[in-house]
Amino acid sequence: MTMMTYRDALRQALIDQMKADDNVIIMGEEVGRYGGAYGVTKDLITMFGETRVLDTPISEAGIVGAAIGAAMTGLRPVAELMYVDFIGMTMDQLGNQAAKIRYMFGGQIGVPMVLRTQGGTGRSAGAQHSQSLEGYIMHTPGLRLAMPATVSDAYHLLRQAMAQPDPVVFIEHKGLYTLKQDVDLTREPPAWGEANVLRHGADLVIVTYSRQVHFALEAAPKLAATGIEATVIDLRTLNPLDFETIRPFVEQTGRAMVVTESVLTAGVAAELTARISEECFDFLHEPVIRVAGEDIPISVSPKLEAASVPTPALIEKIARKMFQ
Amino acid sequence: MTMMTYRDALRQALIDQMKADDNVIIMGEEVGRYGGAYGVTKDLITMFGETRVLDTPISEAGIVGAAIGAAMTGLRPVAELMYVDFIGMTMDQLGNQAAKIRYMFGGQIGVPMVLRTQGGTGRSAGAQHSQSLEGYIMHTPGLRLAMPATVSDAYHLLRQAMAQPDPVVFIEHKGLYTLKQDVDLTREPPAWGEANVLRHGADLVIVTYSRQVHFALEAAPKLAATGIEATVIDLRTLNPLDFETIRPFVEQTGRAMVVTESVLTAGVAAELTARISEECFDFLHEPVIRVAGEDIPISVSPKLEAASVPTPALIEKIARKMFQ
Amino acid sequence: MNSARTDDQEFSGTNSNLFALYRTMCRIRSFEERVGELFVRGQSAGSMLHLSIGEESAAAGVCAAMEPKDTFTTHHRGHGIFLARGADPARMMAEIGGKEAGYCHGKGGSMHIADMGLGHLGANAIVGGGIPAVVGAGLSALHKKTGAVSVAFFGDGATGQGVLYESMNMAALWKLPVLFCCINNQYGMGTRIDQATANPVLHERAAAFGLNAQTVDGLDVETVAETAQTMIDDARKGIPGFLVVDCYRFYGHARKDKSPYRDSNEEETGRQKDPIAFARNLLIESKISNDAELNSLDVDISAEMDATIDFTMGQTEPPLTSMFRDVYAPDQPEPEPLQTRLSRVLSRELPANGGH
Amino acid sequence: MNSARTDDQEFSGTNSNLFALYRTMCRIRSFEERVGELFVRGQSAGSMLHLSIGEESAAAGVCAAMEPKDTFTTHHRGHGIFLARGADPARMMAEIGGKEAGYCHGKGGSMHIADMGLGHLGANAIVGGGIPAVVGAGLSALHKKTGAVSVAFFGDGATGQGVLYESMNMAALWKLPVLFCCINNQYGMGTRIDQATANPVLHERAAAFGLNAQTVDGLDVETVAETAQTMIDDARKGIPGFLVVDCYRFYGHARKDKSPYRDSNEEETGRQKDPIAFARNLLIESKISNDAELNSLDVDISAEMDATIDFTMGQTEPPLTSMFRDVYAPDQPEPEPLQTRLSRVLSRELPANGGH
Ligand SMILES: Cc1ncc(C[n+]2csc(CCOP(=O)(O)OP(=O)(O)O)c2C)c(N)n1
Ligand SMILES: Cc1ncc(C[n+]2csc(CCOP(=O)(O)OP(=O)(O)O)c2C)c(N)n1
Ligand SMILES: [Mg+2]
Ligand SMILES: [Mg+2]
């Protein structure tokens, strides 16, 4: 076990996988000399050289397209999108190309690439640098989607992502880079695609991922103090979605809350709510409760920004209302 | 009342609104000399000249960006995206610019533009020309979203869209252009944003939009023959979403089915299901049933294509299962 | 031009470069005519068939300059290129017909055909969509030291797409073994190139990024082949290029389009730029071949291409169960079919595989 | 250059063009220094503050050539441009501080500032994101015959973005009253221009699209202003242009960046390209002004800019209720707040407004 930050764990995953697999290359804006906008690729260019760590021009569509071509010809590119907010420029390459190539071409070939990016609020970076856009990806068949919440997952999920045969969108949270936790880099990680039950409680199940996992875990003991014991599930990957880990807890508790930073309407929260409502219909005492980002852009004002997404206090408050 | 096609109604709406408002311009690929890939803008260039009907290069991002700038400086551009499948190229301009400008700039200015496009299956046009991507738009606060099913709505909704103060994504269905129906061009249309109850039935409510409205209406009499009376609601706009028209029917029937051609996961079907499940929890006898596009790309094979999305037969079959 | 022959050569064109190029072009045209026929018979999958008649020299000339290890992507009008690369026309036709026996098991069709064996990284229904992939293929070639070049084929219309410029810039910056090949058939659907840009000399844009850039007249397939050879050789050495092949789209944009937006005089003139007629004349004038030999070649090709239709008509559509296959690699379960899911939900059953 | 003055002119720079440009540049630099200070005090909204120190001649020179009816968009490093255009620095500072009194009521901040009154169609946090809007503004000007020109300001880094090329092509094709102004400060974050492209002579790309294109040295604000004037005049006549202003980014990319990726020699040399020092020398040498006058100008500007900080510190953040405002025009109801919705759902109540 070592203590390390989420940032360092990501970096270590890149290093270890690059050592393990010569075909891994990293490409993106400022990933080389600058070391990555959030420092995840710091010094990698010195360790692996300019042919394996490529600083690119500011060309998001071209970067993702190039990664696709590289992946189809034997490399395992890890492309970095500096902010998930820039995914709009890449949606054609991601959605029409990467996601569909295996299918359209009848299974001849896959696109084993990772698109590493980060999202979320917390730095009052404004409407175009604070979004949580995983909903677009989850709504696109063919793209796998991983969103690590813990330092351990930052390491293990990223290494696993780099070994997937299909494109993986890997979204980090900008508010987690300095999170420090114990991590065992050598252990056998849980299977790719499995959710993680981080807390057991018999009254309510909270299904979440990414930074909101920590918010849920922060709210849980306070809820416990009022007599509400919550199960907290970290999905880890949204595609594949491990519903079977969720199911028994909903059946047992009869109450489910889904928590996400992405906007409410027609996104991840909607999917989780729909799935639980369909699959566990007879067991629910209350409607599944969606605690999500408000259906608005994020303001640069720190006050408005903070109020735009779920907080531990909000989770606690809403959970308590579920029992009134 | 006149009989006309969906295509002609759209065209007439453009003509009438261009006559009513000098600031309306049309821009897009092949909208001029060619008359539009699906013929909607046929001869408009002759009627209104090259300054109001602009053939553009094949530059989707640029087109949407230009429409934004035009809208901010006093025009009312109607930009055409030939296929909604190309929306990936425009998602930055749409999602980061058009959708957020009013908000980011503190309400100073809006972006009164329409992005006309078409989607859906039915012409075995393959994975990149057959999608239903309204889910991306519905998940983007700031964008209004209209999807006409009927000839009357083709006319009235498009005219209304062209008068909205905010960006409207207007998605036609490629399978409906030849649909012929009676339409009253002069009547006062229903208010923008109101859903349309097309059939009343006490056993089940089917909530849908675009081409699937017709599929639901085709299934309904067959269901009636087996003793199941269905209410069919055409949403007409997905943003705003008229939930209050849906609510009483769900409360009354206790059974709801949502039908969409777009892929199941994390999209429109999920949202409608989540909303109904939350808002009408105590009234539901069965889980809300999602009949949606399969979570796969569309094949060019006509057989596989047809099987990828809901059909009248499928709606009927599933509805009957709801009563077994 | 290498086409002049000396009298002591044996009288058979088959060893001549030009003859080979000519034969490739004839096979392309003949194939495309059959695609039209398949469509008329209602046996093509979809109505979106883009024929490359008039553009054969680009396909034949550039592909002749490629090595087997090289890779490429094409646009939506890519039948000719794939054929010139050595594709089996029967499997192509079957794919265009949406049949299981096609290159992509009938899921891709005319606009999404690919074959890894031949280095075909895929046709594309998105204008410009396949271009950046060659940048990545170029990176692979560098990284793995394969010596392979990657060629992006696309139309003049794709010069409207931003991603082309992003790709050119990266290729030039990294000195990648890449060739951008712009087949300028003067039209993007109904829009003539001068209606789509103020400067139709397209290769100048590439030069401004530092690419080795030029335009060649597609009338003469030999010139195309030689220029392509030089540029691909250069690309292999790390000097990426941009080659415009000037030609004319003889027919409509897609099979159904009657091109009302252009007048018949223009079409008349345009169709005179026929690389096949030009090469045929040259073969005869330079005595590499003669009418009889070329006529019998036509007959052979016709027979070969007729057979692709017969083959396709006899094939079946892919089975419904294949619908859920290949969305993901086999390690991830196929998406659960809607009907299975709903039956399960309505009868309150668990997933068959326990969800995993 | 018009800066030489004859001795019979009255000794005050205030009527001189150069003096005015100089004053604008000084105000920009002084403002930017205050922005840095606001950040250090922890009063700026966010950590993303991009200062335009070293680039003042582009802002001052180009804006001086614009007419009041003209419009423009800027990139993320746009404080200087907006100031040069006549913005109220106090309202700017308040916006950068995320305060209600700011131009955008504290919702936009440094990277999303705009003012319709001054024709500012918006700064942008998306590299290249604001460029195509000027194409549309150009269309408006043509259509409404306003005679207005629209200017897109962006950095060298934006030449990596495809949408720039799409926009240039449309502007040239339609002969729009548009100027693309590329402020080449040699860096996109840590990437020097020659590390981002094989041909750093950026205006050549624009020329290849048929634009009126040139590069000007940003050291001399008068040259910038004159070139911009000519090009904007041309644009107004339907000859769109592309102007590169060469300069150097004196400090880090954002307020916190210490530029470890470039060496101090380079920075030393780069900072010698100081348009303010150059203009000051010129003002003194050509006797348009003198040290005393310029020093007192500095004092005035300092006072003005200090006041923007004081103003901002006294302002409040926007109220929470404003969060749901302006997502849509007032005709569409504000999004229902999460807590309202959930309370309602949990207590089985209907929406307050019946849902409409
Ligand atoms: C991104 C995108 N925009 C528009 C289209 C519709 N479209 C298909 S082909 C075509 C014209 C392409 O012209 P060009 O690139 O010159 O190729 P050509 O058809 O002439 O071979 C257009 C506009 C598309 N398929 N993809
Ligand atoms: C589309 C996009 N990609 C990347 C970024 C991150 N980013 C912000 S500024 C910047 C550098 C821009 O360089 P340049 O255009 O030269 O402007 P400068 O900062 O030098 O003024 C980058 C990469 C972004 N904001 N938007
Ligand atoms: Mg063409
Ligand atoms: Mg720069």
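Thresholds applied
- Residues numbered from 1 in each chain as written.
- Chains lettered and ligands numbered in written order.
- Predicted model: local features only at pLDDT ≥ 70, side-chain atom pairs only at ≥ 80, totals over all residues.
- Heavy atoms only, no water.
- Contact = heavy atoms within 4.5 Å.
- Buried area = accessible area lost by both parts, 1.4 Å probe.
- Salt bridge = Lys/Arg side-chain N within 4 Å of Asp/Glu carboxyl O.
- Donors = N, O, S within 2.8 Å, 3.2 Å for Na, K, Ca; no water.
- Buried < 20%, exposed > 50% of the residue type's maximum accessible area, 1.4 Å probe, protein only.
- Helix = DSSP H or I, 4+ residues; strand = E, 2+ residues; numbered from the N terminus.
- Axes fitted to C-alpha atoms, helices over the stretch in contact; angles between N-to-C directions.
- Parallel < 35°, antiparallel > 145°, perpendicular 65-115°, else oblique.
- Left-handed = near helix turned anticlockwise from the far one by under 90°.
- Nonpolar A, V, L, I, M, F, W, Y, C, P; charged D, E, K, R; others polar.
- Near = heavy atom within 4 Å.
- Polar contact = N/O pair within 3.5 Å; in protein donor to acceptor, adjacent residues only side chain to side chain.
- Areas by Shrake-Rupley, 256 points an atom, 1.4 Å probe, with all protein chains shown as cover.
- Pairing = 2+ DSSP bridges.

### Points about the interface of chain A and chain D
Here is step 1 of the chain: Taken together, the contact between chain A and chain D spans 45 residues of the former and 45 residues of the latter.
Here is step 2 of the chain: Each partner contributes to the roughly 3800 Å² buried at the junction of chain A and chain D, and carbon and sulfur atoms together form 61% of this total.
Here is step 3 of the chain: It is R33(A), Y34(A) and I58(A) that lose the most area in chain A upon contact with chain D, and together they represent 16% of the buried surface on that side.
Here is step 4 of the chain: Where chain A touches chain D, the interface holds one salt bridge.

### Description of the coordination of the magnesium ion (ligand 4)
All names here are of chain D.
Here is step 1 of the chain: Only D156 (OD), N185 (OD1) and Y187 (O) from the protein reach the magnesium ion (ligand 4) as donors, at distances of 2.0 to 2.2 Å.
Here is step 2 of the chain: The sequence pattern formed by the donor residues of the magnesium ion (ligand 4) is D-x28-N-x1-Y. Across the pair, exposure class does not vary: N185 and Y187 are buried alike.

### Considering the pattern of salt bridges
Residues and elements named next belong to chain A.
Here is step 1 of the chain: This structure, assessed with the given rule, holds 79 salt bridges over all chains.
Here is step 2 of the chain: Of the charged contacts in the structure, one is a salt bridge between D55 and R33, with a shortest N-O distance of 3.4 Å. Linking D55 in strand β3 (residues 53-55) with R33 in the loop between β2 (24-28) and α2 (44-48), this pair joins segments that are 22 residues apart in sequence.
Here is step 3 of the chain: With a relative accessible area of 32%, R33 lands in the partly exposed category.

### Topic: the packing of helix α9 (residues 243-253) of chain A against helix α10 (residues 268-279) of chain A
Helix packing for two helices is described by the angle between their axes and how far apart those axes are.
All names here are of chain A.
Here is step 1 of the chain: At a closest axis distance of 11 Å, the pairing of α9 and α10 adopts a crossing angle of 60°. As judged from the angle between their axes, α9 and α10 are oblique. Seen along the crossing, α9 lies across α10 with a hand that is right-handed. Of the residues in α10, those in contact with F243, I246, R247 and V250 of α9 are R275, I276 and E279.
Here is step 2 of the chain: Considering only residue class, the contact of α9 with α10 consists of four nonpolar, no polar and three charged.

### Regarding the site of ligand 1
Here is step 1 of the chain: Not every one of the 23 residues close to ligand 1 is listed here, only the nearest: E60(B), H76(C), R77(C), G157(C) and Y187(C).
Here is step 2 of the chain: At the site occupied by ligand 1, the surrounding residues belong to chains B and C.
Here is step 3 of the chain: D156(C) is positioned with one of its side-chain polar atoms (N or O) 3.0 Å from an oxygen atom of ligand 1.
Here is step 4 of the chain: Between A158(C) and ligand 1, the recorded distance is 3.3 Å, taken from a backbone N or O atom to an oxygen atom.
Here is step 5 of the chain: About the coverage of ligand 1: the protein hides 97% of its 580 Å² of free accessible area.
Here is step 6 of the chain: Looking at the shell around ligand 1 residue by residue, the class counts come to 10 nonpolar, nine polar and four charged.

### Some remarks on unusual backbone geometry
Here is step 1 of the chain: In this chain, N239(A) is followed by P240(A) through a cis amide linkage whose omega measures 5°.
Here is step 2 of the chain: With respect to the element layout, P240(A) can be found in the loop between β12 (237-239) and α9.
Here is step 3 of the chain: Phi is positive for S210(A), close to 55°, though the residue is something other than glycine.
Here is step 4 of the chain: Along the chain, S210(A) falls in the loop between β10 (204-208) and α8 (211-225).
Here is step 5 of the chain: S210(A) gets classed as buried once you look at its relative accessible area, which sits at 4%.
Here is step 6 of the chain: Backbone geometry places H105(D), a non-glycine residue, at a positive phi of 55°.
Here is step 7 of the chain: Relative to the helices and strands, H105(D) resides in the loop between α4 (89-96) and α5 (131-144).

### Section: the sheet that holds strand β1 (residues 71-73) of chain D
Paired through backbone hydrogen bonds, the strands of a sheet run either parallel or antiparallel to each other.
All names here are of chain D.
Here is step 1 of the chain: Strand order in the open sheet formed by five strands is β1-β2-β3-β7-β6, with parallel pairing between adjacent strands. Sheet topology places β1 and β6 (212-217) at the edges, where each strand pairs with a single neighbour. Between one strand axis and the next, the sheet turns by 20° as a mean value, whatever way the strands run.
Here is step 2 of the chain: Strands in contact with helix α2 (residues 56-64) are β2 (150-155), β3 (178-184) and β7 (241-246); relative to β2, the strand with the most contacts, it is inclined by about 175°.

### Some thoughts on the environment of C26(C)
Residues and elements named next belong to chain C.
Here is step 1 of the chain: Locating C26 in the fold gives a position in helix α1 (residues 17-40).
Here is step 2 of the chain: Accessibility expressed as a relative area gives 8% for C26, which makes it buried.
Here is step 3 of the chain: With 139 residues separating them in the primary sequence, C26 and Y165 have C-alpha atoms 34 Å apart.
Here is step 4 of the chain: Sequence-distant contacts of C26, defined by excluding residues within four places in its chain, comprise I276, D298 and I301.

### Section: the side chain of E261(A)
Residues and elements named next belong to chain A.
Here is step 1 of the chain: If you trace the backbone, E261 turns up in strand β13 (residues 256-263).
Here is step 2 of the chain: Residue E261 is classed as buried on the basis of its relative accessible area of 7%.
Here is step 3 of the chain: Among the polar contacts made by the side chain of E261, one reaches the main-chain amide nitrogen of T121 at a distance of 2.6 Å.
Here is step 4 of the chain: Within the structure, E261 has its side chain in polar contact with the side chain of R211 (distance 3.0 Å).
Here is step 5 of the chain: Setting aside anything within four residues of it in sequence, one finds E261 in contact with G120, T121, S132, H173, R211, Q212, G293, V309 and P310.

### Topic: the coordination of the magnesium ion (ligand 3)
Residue and element names in this part refer to chain C.
Here is step 1 of the chain: Note on the magnesium ion (ligand 3): its protein donors are D156 (OD), N185 (OD1) and Y187 (O). The metal-donor distances range over 2.0 to 2.2 Å.
Here is step 2 of the chain: In terms of primary sequence, the donors binding the magnesium ion (ligand 3) are separated according to D-x28-N-x1-Y. Linking D156 in the loop between β2 (150-155) and α6 (162-173) with Y187 in strand β4 (residues 187-188), this pair joins segments that are 31 residues apart in sequence. Here the two residues D156 and Y187 agree in accessibility, since each one is buried.

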